[in-house]
Amino acid sequence: MALLATNVTDGYGRNFTFIYRNYLQHMLDTIDSEVKPCENFFEHACGNFGKGTQTFNNFEEIEELSQLIEYDEIPPFLYNRQDRFKFFVNNRHKFRTKTGIILKDLYDLCKTAENLNNHHLWYRLLNEIPFLTIDREWLMKWPFLRFQWLEFKIELNLDWILLAAEFAAHGFNTFLEVFFVENTVFVGPNENIICPNLEEIINDLKPLLLYRERNIQIAYIIANELSTFCRQLNGEISSSMEIATIETDGELFKQQILDKYFQRYFLSLNFSDINLENSRKITIRLRRLNEMFIILQATDDRIIYNFILWHMMRQLHITDCFNLIENFENLLITEYWNWHVFEAQINRDVALAMYLFHTTRFQKYRRKILLSNQWDRFLSRKLERKDFNIERSIKSYARDYLNSGNISTYYESFDTKTFTFYSLLLRIKSLHMRSAFFKPYMDDEDVNNSYYFLKEFLHFSILILYRPLVHYYATMAYDMWLQSSLLYQTDAFYTVYDCLQRQRALQLYADEYDEKLYEIVIEEQAKDIYKFYASFIAVLEDYRFWLEGENFSITEDFILEYFKLDSSRVMFYAAAQQYCNRNDHLFNRIINRSFMNMPEFHEAFNCSDDAAMNPQFKCMTNIFPN
């Protein structure tokens, strides 16, 4: 990162240098030199937090960039969803790609529909969803009792199979789960149906009945039917038919439903006959699928129809618009990769180089495993030539799947201004599903996958621009802290817990005893210290590994020396200052009790043998060896 801070030859370098230098200056301004680090490091690192900081005035014209540096609003954990949400909200009007503009308009429309009560929601759905609008006058009388169903069915084609297929083709499943992977159609039972308690279902229906001045008892009748049917689908209660006795007519019933369902489903998705003829069809969880069809066969059509509409109403009750946008994260990543919202602050190649500094742990793991004696010398030489290159992998994926030509193929031009929220949502969902049929499957959590690194790189870019009060510690440290439970061993933890208690007891007899520094820790507090210690040691190891590179160490120390810092100390400051003025009592304990047990800390700050932060009896050094 420091290497990039020296690049002041163009506008991008200037802007990044501005962020970096202000961060380092803020780090110094926050430090309270009156408190010695070896006496109480957290108070030393955070002593002047929020008391005003010095900033460089060389780039006053960069107003937008200056607004990013809002130190008083730094939350305790920086690499999180909240930052990505704020970044999206603040920058969405700068989007230029087709998919970016679609998501921007969807979010803006969503804010008008957020938190609608069920009465208003239901009538918006009837007015905005095309295939419901056709039968709007009849559906105004929903939910249906038996006498209504018999009356309406004579005049309308109230077919629950077609209704479920239409919703599914627009991204909202009821009974079946259908998904695509590159010319393959997977079909299975939907096992994500949530059955609320009876009172919640009644509360869903009451507003509709009151508005139409219908008897409130109807809500209790319908809710009991819906609750029983939902619990049967989930396997919570048995159906009226035995699952084990699958008769011939049961198989015929299933096939008739599937034929009608998929005829409407693929028609609505606009698949050609050639697409379907050349595709593979794979059925998954067949036993559970058969059980579901037996339940459907045993249930009155009216109840199923009521259930679909109620279930869809609950799914379409949006209460978090950004959560909705995250469902289309690959479209958002397409916009971010085109860099329109970043270009005023930092060049993409500079940002990518920064990110590569922060993937050292992965690189080190690859070298350790792939260059072991399991691989022949030829492959090892290939790897040493950087054939496994994260930068190349990201750019290759972006070239193949994020170019505008591919996007245009799946997302044909349409004017989002002519859509209402729910009509636009269903349209995007439909296009999003359809596009999956033509692309290979991508697991975005697979670290051997290019998409994983592309997503992490873009999240990192948001972090470094939107929350610049971070050094090397910020990118993965909190994740490591949470995930250090993977390293967690019961015996090791209780050894540490016991050690922390004995450490306090022994320190009572020291000449300089600080009761606040060595307060009693309960088991949950000891777990936090244990996990933080584990994650910090891992990140510190990464940082040292970065510095092993000749270019990194020379430029890092050169920049830090200018600010009277050095690479051995900056990590400790960066970690502590993430938590300044945020739950100080909690983080004071975690930071101090972790650092006082680290030989690396005593070495970096030259702590004397009798310093409060340098107890004679130390914990965890044998659990996490250097």
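Note that residues are indexed from 1 along each chain, following the sequence as it is written. Reporting of local features is limited, given that this is a predicted model, to residues whose pLDDT is at least 70; pairs of side-chain atoms are given and counted only at 80 or more, and all residues count toward the totals for whole chains, interfaces and linings. With hydrogens and water stripped out, all remaining heavy atoms of the structure feed into the side-chain values.

- Per an unreviewed UniProt entry, the protein goes by Peptidase M13 N-terminal domain-containing protein and derives from Glossina morsitans morsitans.

**Let's talk about the state of the cysteines**
Each disulfide consists of one covalent bond between the sulfur atoms belonging to two cysteines.
Then step 1. Note on disulfides: each one is a pair of cysteine sulfur atoms within 2.5 Å. Applying the stated rule across the entire model yields five disulfides.
Then step 2. A sulfur-sulfur distance of 2.1 Å marks the disulfide that ties Cys 38 to Cys 607. Handedness of the Cys 38-Cys 607 disulfide follows from its S-S torsion of about -85 degrees: it is left-handed. Here Cys 38, found in the loop between α2 (11-30) and α3 (41-46), pairs with Cys 607, found in the segment after α33 (599-605); they are 569 residues apart in sequence, far enough to count as distant. Summarising the burial analysis for this pair, Cys 38 and Cys 607 share the class buried.
Then step 3. When the bonded cysteines of the protein are numbered from the N-terminus onward, they pair as 1-9, 2-8, 3-6, 4-5, 7-10. Counting from the N terminus, the helices are the DSSP runs of H or I reaching at least four residues and the strands are the DSSP runs of E reaching at least two. When accessible area is computed with a 1.4 Å probe and restricted to protein chains, residues below 20% of their type maximum are described as buried, those above 50% as exposed, and intermediate ones as partly exposed.

**Quick word on the sheet that holds strand β3 (residues 280-283)**
Then step 1. If you trace the three strands from one edge of the open sheet to the other, you get β1-β2-β3, paired in mixed fashion. For this open sheet the edge positions go to β1 (176-180) and β3, each flanked by a neighbour on one side alone. Pairs of neighbouring strands in the sheet enclose a mean axial angle of 20 degrees, with direction left out of account.
Then step 2. Pairing analysis gives five bridges linking β1 to strand β2 (residues 184-189), with the strands arranged antiparallel. Within β2, the residue paired with Leu 176 across the bridge is Pro 189. Only strands joined by at least two bridges in the DSSP assignment are considered to pair. Note on method: axes are straight lines fitted to C-alpha atoms, helices fitted across the in-contact stretch only, with angles between N-to-C directions ranging 0 to 180 degrees.

**A look at helix α10 (residues 146-155)**
Then step 1. Every buried residue belonging to α10 is among Gln 148, Trp 149 and Phe 152, and all of these are buried. An end-on view of α10 places all buried positions within 95 degrees of arc, on one side of the element. Exposed residues pointing more than 90 degrees away from the buried face of α10 are listed as Phe 147, Leu 150 and Ile 154. Within this analysis, the arc is defined by the directions that extend from the helix axis to the C-beta atoms.

**What about the pairing of β1?**
Then step 1. Alternating positions in β1 separate cleanly, Leu 176, Val 178 and Phe 180 being buried on one face and Glu 177 and Phe 179 remaining unburied on the opposite face.
Then step 2. Connecting the antiparallel pair β1 and β2 is a turn made up of three residues, with Glu 182 showing a positive phi of about 40 degrees.

**Side note on the layout of surface pockets**
Then step 1. One number sums up the size of the largest pocket: a volume of about 1,800 Å³.
Then step 2. A 1.4 Å probe that fits but cannot get out identifies a cavity on a 1 Å grid over protein atoms alone, an open set with protein on both sides within 12 Å along at least five of seven lines counts as a pocket, and a residue lines either if it has an atom within 4 Å of a point. Forming the boundary of the largest pocket are 50 residues, of which Asn 327, Phe 328, Lys 429, His 432 and Met 433 lie nearest the centre.
Then step 3. When residues of the lining of the largest pocket are assigned to their parent elements, the largest contribution, six residues, is made by helix α25 (residues 421-436).
Then step 4. Among the residues forming the lining of the largest pocket, the class breakdown is 28 nonpolar, 15 polar and seven charged. Grid points are joined across faces, edges and corners, and a volume is the space filled by probe spheres set on the points. Amino acids are sorted into nonpolar (Ala, Val, Leu, Ile, Met, Phe, Trp, Tyr, Cys and Pro), charged (Asp, Glu, Lys and Arg) and polar (every other residue, Gly among them).

**Some words on the nonpolar core**
Then step 1. For our purposes a nonpolar core is just a set of buried Ala, Val, Leu, Ile, Met, Phe, Trp, Tyr and Cys residues, chained together by side-chain atoms within 4.5 Å. Of all hydrophobic cores here, the largest spans 127 residues; its most connected members are Trp 122, Leu 132, Phe 167, Phe 175, Tyr 265, Tyr 336 and Leu 425.
Then step 2. We call two residues contacting when some pair of their heavy atoms lies within 4.5 Å. When near neighbours in sequence (up to four residues on either side) are disregarded, Tyr 265 contacts Ala 165, Ala 168, Ala 169, Val 178, Phe 180 and Met 433.
Then step 3. Ranked by size, the runner-up nonpolar core spans 55 residues in total, among them Phe 42, Met 571, Phe 572 and Tyr 573.

**Things to note about unusual backbone geometry**
Then step 1. Look at the link from Trp 142 to Pro 143: it is a cis peptide, with omega at 10 degrees.
Then step 2. Relative to the helices and strands, Pro 143 resides in the loop between α9 (136-139) and α10.
Then step 3. Despite not being glycine, Arg 285 shows a phi value in the positive range, around 50 degrees.
Then step 4. By secondary structure assignment, the location of Arg 285 is in the loop between β3 and α16 (286-298).

**Quick notes on the packing of aromatic side chains**
Aromatic ring pairs are defined here through the distance separating the ring centres and the angle between the ring planes.
Then step 1. Only Phe, Tyr and Trp rings take part, Trp by its six-membered ring, and two of them pair if their centres are within 6.5 Å. Stacked means planes under 30 degrees apart, edge-to-face means over 60, and tilted covers everything else. Tallied over the full model, the rule gives 55 aromatic pairs.
Then step 2. Plain terms: the ring middles of Trp 339 and Phe 342 are 4.3 Å apart, the flat faces sit at 35 degrees to each other, and that makes the pair tilted. The pair formed by Trp 339 and Phe 342 is uniform in burial state, with each residue classed as buried.
Then step 3. Put simply, the rings of Phe 85, Phe 87, Phe 88, Phe 95, Tyr 107, Phe 322, Tyr 336, Trp 337, Trp 339, Phe 342 and Phe 457 pair up and form one aromatic cluster.
Then step 4. Over the ring of Trp 337 we find Arg 348; its NZ or CZ atom is 4.0 Å from the centre of that ring.
Then step 5. Sitting over the ring of Phe 172, Lys 429 keeps its end group 5.0 Å from the ring centre. Both a distance and an angle decide whether a charge sits over a ring: NZ of Lys or CZ of Arg must be within 6 Å of the ring centre and within 35 degrees of the ring normal.

**Looking at the environment of Arg 84**
Then step 1. Within the secondary structure, Arg 84 sits in helix α5 (residues 81-91).
Then step 2. Considering only alpha carbons, one finds Arg 84 and Phe 322, 238 residues apart in sequence, at a separation of 9.5 Å.
Then step 3. Ignoring anything within four residues of it in the chain, the contact list for Arg 84 reads Phe 322, Glu 326, His 459 and Ile 462.

**Some remarks on the pattern of salt bridges**
Then step 1. By definition here, a salt bridge exists when the distance from a side-chain nitrogen of Lys or Arg to a carboxyl oxygen of Asp or Glu is within 4 Å. Tallied over the full model, the rule gives 24 salt bridges.
Then step 2. When the shortest N-O distance is used, the salt bridge between Asp 105 and Lys 104 registers 3.0 Å. You'll find Asp 105 and Lys 104 in the same group, each marked buried.
Then step 3. Here Arg 288 and Glu 291 are joined by a salt bridge, their closest N and O atoms 3.4 Å apart. Of this pair, Arg 288 and Glu 291 both sit in helix α16, three residues apart, roughly one helical turn.

**With respect to empty space enclosed by the protein**
Then step 1. All chains considered together, the criterion is met by six cavities of 30 Å³ or more.
Then step 2. Taken as a whole, the largest cavity spans an internal volume of roughly 60 Å³.
Then step 3. As for the largest cavity, its lining consists of Arg 84, Phe 322, Glu 326, Glu 329, Leu 332, Ile 333, Tyr 336, His 459 and Ile 462.
Then step 4. By residue class, the composition of the lining of the largest cavity is five nonpolar, one polar and three charged.
Then step 5. Estimated volume of the second largest cavity: approximately 60 Å³.
Then step 6. Lining the second largest cavity are Trp 160, Ala 164, Phe 175, Leu 176, Ile 257, Tyr 261, Met 292, Phe 293 and Leu 296.

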